[in-house]
Each structure stands twice: as structure tokens, then as C-alpha cells.
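Here are the chains, one letter per residue:
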Amino acid sequence: MQEQIKNIKTLDELAALYASVFGKNGTMTVRLKGMRDLDNDARAELNRENATLRELFKVRQTELENAALMEKLSGQKLDATLNPMPENRGTLHPLTQCLREISAILESFGYKCHTGPEIEDDWHNFTALNTPAYHPARDMQDTFFLPNGNVMRTQTSAIQIRAMEESGAPIKIFGIGATYRKEMDATHSPMFHQIEGLYVDKNITLTDLIGDVRAFLKQFFQMDDIELRIRPSYFPFTEPSIEIDMKWQGNKWLEIMGAGMVHPNVLRNCNINPDVYQGFAFGFGWDRLAMLKYNLNDIREFYNGDVRWLCGAGF
Ligand code: DAH
């Protein structure tokens, strides 16, 4: 029997032989049926024979299946010169790339990165920033209020307060994060991102601020020189307050950021003595900077979920 199984050449023949042994009236089936008439030794012998035979069939079946597969593969040709399927690698979203660039530049200037909660209390988002409840400047921002009196953070300036409360002065940090306001058009999204800079120490002046901002913008936009315009402005948390514009493509002035010297009330609110320390702060929309860099007209494109943002195709 053993020889017979080994000599079988096809799976069909093997199946036929198997049926003649283990089928309904197969030789082994019949012998197994008569098992009860055998003595113990003969039974053990029959069981062994049965197991061995089954194993032999299994081994031969695997051999024949492998041989059939090899046969099939040898008929197929592999063309190693064929172009591979295009590979779509994911990339970082442009806003994330921009954030990393901005952070790397500010860190190289000695600013430490800080974050804070997106749901803020009134103190950090407004009051400590010299904007108490009655202050008309609260209307400058269309705020999302939560039922418990907290707000969706309207400005990363809240991070300034948290950082100063935590570490006092001197301090040199930048805050990053999402901010929220009830506005929506081509240049406004209800959720957007801001970066905030804060440098408080002894003898800090507006000139230091302008120097850092100029160096930052030159690096970010990779420009040799940059023309800035400083306009007086108003923010409750800075005195004096300024807005900084940048000359863009030779002819346009673009408003880039708000800034100023940190208001003494703000320092006091964070237990810093304004007679000893002073400093500057600045804040800008990082989506806006990314729009300029990528030449986009509509901020909402960053958030519309188009996968081309993530597969390196860009727009
Ligand atoms: N928080 C301001 C805004 O969202 C931007 C800003 C202005 C931040 C002046 C500052 C600053 O730190 O000094 O409009």
C-alpha cells in the first residue's frame, strides 16, 4: 500500500485510492467496523495501521499539490522591468509643516514652546489680559460662550497669562494653538490658529520686538530683506500697541501681527512687578502666514478635508 501511494502521480488518482480505502465500503472502513471482534493487540495494531495510512495519504497529497503549484508558476513570467504601482506617500498637512517651521525659528531665538487649554476661563482669556467684564474691547472678538461661563479660547494671549502665572519673570515663550471666533468667510474660519510671543525681562524695549519679528519673517519667507511698517494700534493688554505690516511682492502692504509692550496691569495680574520687569508680546494667525506662503486665497481650504493636502500633491 505504501508503495502504491508513493507512486501515484495525480491528485485525482490519489482521491480515488483514498476512497477505496477510507470510503463507505473502503477496505480500512470495513476492517475498522470489525474491530470489536479483535483482541487488544490486534486492535492496537489496526489503529496504528490506520493512522499511518492516513498520514501517508496526507503527505502525498501535499507533495502533489506543491508540484502542481510549481508547474503552474513555471508557466508564468515575471517582468522585473515593469514599472511598480505608483506609491502614494502621505505627508504632513501644510499647516503642521508651517507650525514646525515657525516653532523651529522661534526656538532658535530662545523662545520656549507653551500650550494651554482650548476651553478657557474668563480670567485667562480676558480679565487677566486687562479686559475686565465691562471693557468694550471684549466686543473686538466674537466669542463662543459656554453655558458655564467659560469660553472657547479666542486668542492664544491666554497662554501668556498661564505661562507667567506658572514661571514668573524673566520669561521668553511662544504659545501655539487653535482659537475660536464666530466668523466665517474667505479669510476667517471659526477655528483658526494663532502664535503668541512673549518676552519679559529687565530692559526689554520695542526695538527688541521689531528685531525679532524682522528676523523671524525673513527666515520664514526666506527673504534677504524685508520692509516693515509699524502702525499704532490698540489692544487692552499692551501699551503702547502696534500693528506690523510687511511689504509683499513689491507693492502690497499686508497686516501680519499685533504686538506691543505688555501692559503693567497684565504683569501685575501675574504677580510680576512692572517697575522691575517689562516686556513685549506679539500675536499672529499662523494660518494666515501659511496662506501667504502657499499663495492661497481661502483659509477654508485648509480645513475642507481634501486628501490632496495629505498626499504631497498640494494645490
Ligand atoms: N490677541 C490678539 C488678537 O487675537 C493679537 C495680539 C495683539 C497678541 C497684540 C499680542 C499682542 O500678544 O501684543 O487679535
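All figures in this text were calculated on a predicted structure; none of them were measured in a lab.

Draft legend 1. Local environment of the environment of G285. Following the sequence through the fold, G285 ends up in strand β9 (residues 278-285). If we ignore the near neighbours within four places in the chain, the residues touching G285 are H193 and Q194.

Draft legend 2. Structural view of the pairing of strand β8 (residues 252-262). Burial of β8 is extensive: eight of the 11 residues sit out of reach of the surface. Strand direction decides the pairing type here: strand β7 (residues 238-248) and β8, joined by nine bridges, are antiparallel. Looking at β8, one finds that S241 is bridged to G260. Between β7 and β8, which pair antiparallel and follow one another directly, the connecting turn spans three residues, one of which, Q249, has a positive phi of 50°. Direction of pairing for β8 relative to β9: antiparallel, over a ladder of four bridges.

Draft legend 3. Geometry of the sheet that holds strand β6 (residues 228-235). The strand order across the open sheet formed by seven strands is β1-β4-β5-β9-β8-β7-β6, and the pairing between neighbours is mixed. Each of the sheet's edge strands pairs with one partner strand only, and the pair in question is β1 (112-114) and β6. With strand direction ignored, the average angle separating the axes of adjacent strands in the sheet is 25°. One ladder, built from three bridges, connects β1 with strand β4 (residues 171-180); its direction is parallel. Along β4, the bridge assignment pairs H114 with G175. The strands that helix α7 (residues 157-167) touches are β1, β4, β5 (191-201) and β9; relative to β4, the one it contacts most, it runs at about 140°. Contacting β4, β6, β7, β8 and β9, helix α8 (residues 206-221) crosses the sheet at an angle of about 30° to β7.

Draft legend 4. Structural detail: the packing of aromatic side chains. Summed over all chains, the structure comprises 15 aromatic pairs. Considering the side-chain rings of Y111 and Y199, the 6.4 Å spacing of their centres and the 70° angle between planes classify their relative orientation as edge-to-face. Within this pair, whereas Y111 is found in the loop between α5 (94-108) and β1, its partner Y199 is found in strand β5, the two being separated by 88 residues in sequence. Among the aromatic residues, those joined into a ring-pair cluster are Y111, Y199, F216, F220, F221, W248, F280, F282 and F284. Directly above the ring of Y199 sits K172, whose terminal nitrogen or CZ lies 4.5 Å from the centroid. Across from the ring centre of F220, 4.2 Å away, lies the NZ or CZ of K293, which sits over that ring.

Draft legend 5. Structural detail: the packing of helix α2 (residues 11-22) against helix α4 (residues 40-74). Two elements in contact, α2 and α4, have axes whose closest approach is 10 Å; the angle formed by their N-to-C orientations is 165°. For the element pair α2 / α4, the angle class is roughly antiparallel. The way α2 lies across α4 gives a crossing that is left-handed. Contact residues: α2 offers L11, L14, L17, Y18, V21 and F22, while α4 offers N50, L53, R54, F57, R60, Q61, L64 and E65.

Draft legend 6. Up close: unusual backbone geometry. A cis amide bond, omega -5°, links A169 with the succeeding residue P170. Within the element layout of this structure, P170 appears in the loop between α7 and β4. The phi angle at N130 is positive, at roughly 60°, despite the residue not being glycine. By the element assignment, N130 lies in the loop between α6 (122-125) and β3 (151-152). Here N130 falls in the buried class, since its relative accessible area comes to 14%. Look at Q249: it is not a glycine, yet its phi comes out positive at around 50°. Positionally, Q249 belongs in the loop between β7 and β8. Given the relative accessible area of 55%, Q249 is considered exposed.

Draft legend 7. Up close: the side chain of T131. Tracing the backbone shows T131 in the loop between α6 and β3. With relative accessibility at 3%, the residue T131 sits in the buried group. Residues within four places of T131 in sequence aside, it is in contact with F126, A137, R138 and P236.

Draft legend 8. A look at the layout of surface pockets. By volume, the largest pocket amounts to about 850 Å³. Contributing to the lining of the largest pocket are 38 residues, with R181, F192, Q194, E255 and G285 lying nearest its centre. Every element with two or more residues in the lining of the largest pocket is listed here: α7, β5, β7, β8, β9 and α10 (286-294). Tallied by class, the residues present in the lining of the largest pocket amount to 15 nonpolar, 14 polar and nine charged. For the second largest pocket, the full set of lining residues is T187, W248, Q249, K252, L254, R288, M291, L292, N295, L296 and N297. For the lining of the second largest pocket, the secondary structure elements donating two or more residues are β8 and α10. Here the lining of the second largest pocket is composed, by residue class, of five nonpolar, four polar and two charged.

Conventions and cut-offs
- Residues numbered from 1 in each chain as written.
- Predicted model: local features only at pLDDT ≥ 70, side-chain atom pairs only at ≥ 80, totals over all residues.
- Heavy atoms only, no water.
- Helix = DSSP H or I, 4+ residues; strand = E, 2+ residues; numbered from the N terminus.
- Contact = heavy atoms within 4.5 Å.
- Buried < 20%, exposed > 50% of the residue type's maximum accessible area, 1.4 Å probe, protein only.
- Pairing = 2+ DSSP bridges.
- Axes fitted to C-alpha atoms, helices over the stretch in contact; angles between N-to-C directions.
- Phe/Tyr/Trp six-rings, centres within 6.5 Å; stacked < 30°, edge-to-face > 60°.
- Lys NZ or Arg CZ within 6 Å of the ring centre and 35° of its normal.
- Parallel < 35°, antiparallel > 145°, perpendicular 65-115°, else oblique.
- Left-handed = near helix turned anticlockwise from the far one by under 90°.
- 1 Å grid on protein atoms, 1.4 Å probe; cavity = no way out; pocket = protein on both sides within 12 Å on 5 of 7 lines; lining within 4 Å.
- Points joined across faces, edges and corners; volume = space filled by probe spheres on them.
- Nonpolar A, V, L, I, M, F, W, Y, C, P; charged D, E, K, R; others polar.

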